[in-house]
Amino acid sequence: MGKNKLKKFADMSTFRCALQYPREVLLKEGFPYVGKWHEDFFGNEGGITLELGCGKGEYTVALAKSNPARNYIGVDIKGARMWSGAKEVEETGIGNAAFLRAEIENIDKFFAPGEVDEIWITFPDPQMQKTRKRLTSVRFLQMYGKFLKPGGVINLKTDSPFLYEYTRRLAELNGFEMLVNTDDLYGSGMADPVSSIKTYYESQWLSRGKKIKLLSMRVPDFSNLQEPDSSDIEKDDYRAYPRHTVQPQNVSSPDL
Ligand SMILES: C[S@@+](CC[C@H](N)C(=O)[O-])C[C@H]1O[C@@H](n2cnc3c(N)ncnc32)[C@H](O)[C@@H]1O
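Sequence positions are assigned chain by chain, starting from 1 and proceeding in written order. pLDDT decides what is reported in this predicted model: residues at 70 or higher carry local features, side-chain atom pairs at 80 or more are listed and counted, and totals for whole chains, interfaces and linings draw on all residues regardless. Where side-chain values are given, they derive from all heavy atoms of the structure, hydrogens and water being excluded.

As named in an unreviewed UniProt entry, the chain is tRNA (Guanosine(46)-N7)-methyltransferase TrmB, taken from Lepagella muris.

Now the structure itself:
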């Protein structure tokens, strides 16, 4: 492992805002703040928003700065990525943000029923081959339902036409209440100061001319959710190439 990464891991272990609970630690120690995030961690009664797969944590930090009355928790398995956000939180003394190093597959072990009132899923891998791995699949939604407040909002921000269409179909099939549904956030006039916060991956996709999609939805009932048929949704061909690559000659996407 490079020196830089080791330094970041060492820093993370000293940051109060960084809680590190990958599976093996979770199994060994359990998690101390379940049902106690307000009382024992944040020290206030403000609502809690999660950012799942937060990467460097741009959303978590920007939201925490813009709304000190609420609390924000970025979740990712990559500690060295979250270091950027966690360092800013430590250095600027932001008291309403935290970073949790954990697998999203275990996210229901970290919160009590009703403890979270909003979720942002920012630019996840669309997992075009495996439905179960998609962060908006029934499997994950059922997990979120264990700790999301009734009426809580789930937001998906993505560059992926595939993941957008899959999630839109799932929402329609299961009667979700749609608060925002756009396949071109910045061209639609629907962007607001919160939805306009840009993550690292978002900036990369925007620089390649990709349109950003946003779905904000309420799930009225997390029991008996059904998977939509996604077999006919066109796969995102541009994802086969590194983000910095210029359009390959044999791919004819008008969007690239
Ligand atoms: C494509 S990146 C997006 C990062 C950030 N949201 C952004 O927009 O810049 C996806 C992130 O999800 C994290 N991730 C993927 N699967 C995960 C899992 N099962 N548990 C925790 N984090 C995960 C990765 O480590 C990565 O940082």
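Read on for the rest.
> Describe the sheet that holds strand E2 (residues 48-52), listing the residues and the values that go with them.
Strand pairing is assigned whenever DSSP detects at least two bridges linking the two strands. Helix and strand labels come from DSSP, where a helix needs a run of H or I of at least four residues and a strand needs a run of E of at least two; each type is numbered from the N terminus. An order of E1-E4-E3-E2-E5-E6-E8-E7 is seen for the eight strands of this open sheet, with the pairing classed as mixed. If you trace the sheet from one side to the other, it starts and ends with strand E1 (18-20) and strand E7 (177-182), each paired once. Between one strand and the next, the sheet's axes are offset by a mean angle of 15°, whatever the strand orientation. Alignment of E2 against strand E3 (residues 71-76), held across five bridges, turns out to be parallel. By the bridge assignment for E3, leucine 52 is matched with valine 75. As a rule, the C-alpha atoms of each element are fitted with a line to give its axis, helices using only the stretch in contact, and angles between N-to-C directions run from 0 to 180 degrees.

> Please set out the nonpolar core residue by residue, giving values where relevant.
The set of buried Ala, Val, Leu, Ile, Met, Phe, Trp, Tyr and Cys residues whose side-chain atoms join them within 4.5 Å is what this entry labels a nonpolar core. Each residue's exposure class comes from its accessible area (1.4 Å probe, protein chains only) as a fraction of the maximum for that residue type: buried when under 20%, exposed when over 50%, partly exposed otherwise. Residues Trp37, Leu50, Ile73, Leu100, Ile107 and Tyr144 are the most contacted members of the largest nonpolar core, which totals 47 residues. By residue number, the principal contributor to this core is helix H7 (residues 161-173), which donates six residues. Setting aside chain neighbours within four positions, we find tryptophan 37 in contact with Leu19, Phe31, Phe42, Gly43, Ile48, Ile73, Ala98, Phe110, Phe111 and Glu115. Core analysis: the next-biggest nonpolar cluster, separate from the first, contains 25 residues, Val61, Ala86, Ile94 and Ile212 among them. Two residues form a contact once any of their heavy atoms are found within 4.5 Å.

> Quick one: what's the story with the site of the ligand, residue by residue and with numbers?
Neighbouring the ligand are 16 residues; Gly53, Asp76, Arg81, Glu105 and Thr199 lie closest to it. In protein, a polar contact requires one atom able to donate a hydrogen and another able to accept it; more generally it is a pair of N or O atoms within 3.5 Å, and residues adjacent in sequence count only if both atoms are side-chain atoms. In the model, a nitrogen atom of the ligand is placed 3.0 Å from a nitrogen or oxygen of the isoleucine 104 main chain. In this structure, threonine 122 approaches the ligand through a main-chain N or O atom, which is 2.8 Å from a nitrogen atom. A total of 600 Å² of accessible area belongs to the ligand in isolation, and the protein chains cover 84% of it. Three classes are used: nonpolar for Ala, Val, Leu, Ile, Met, Phe, Trp, Tyr, Cys and Pro, charged for Asp, Glu, Lys and Arg, and polar for all others, with Gly counted as polar. Looking at the shell around the ligand residue by residue, the class counts come to seven nonpolar, four polar and five charged. If even one non-hydrogen atom of a residue comes within 4 Å of a molecule or strand, that residue is called near it. To measure how exposed things are, a 1.4 Å probe is used in the Shrake-Rupley method; for residues, cover is taken only from the protein chains shown.

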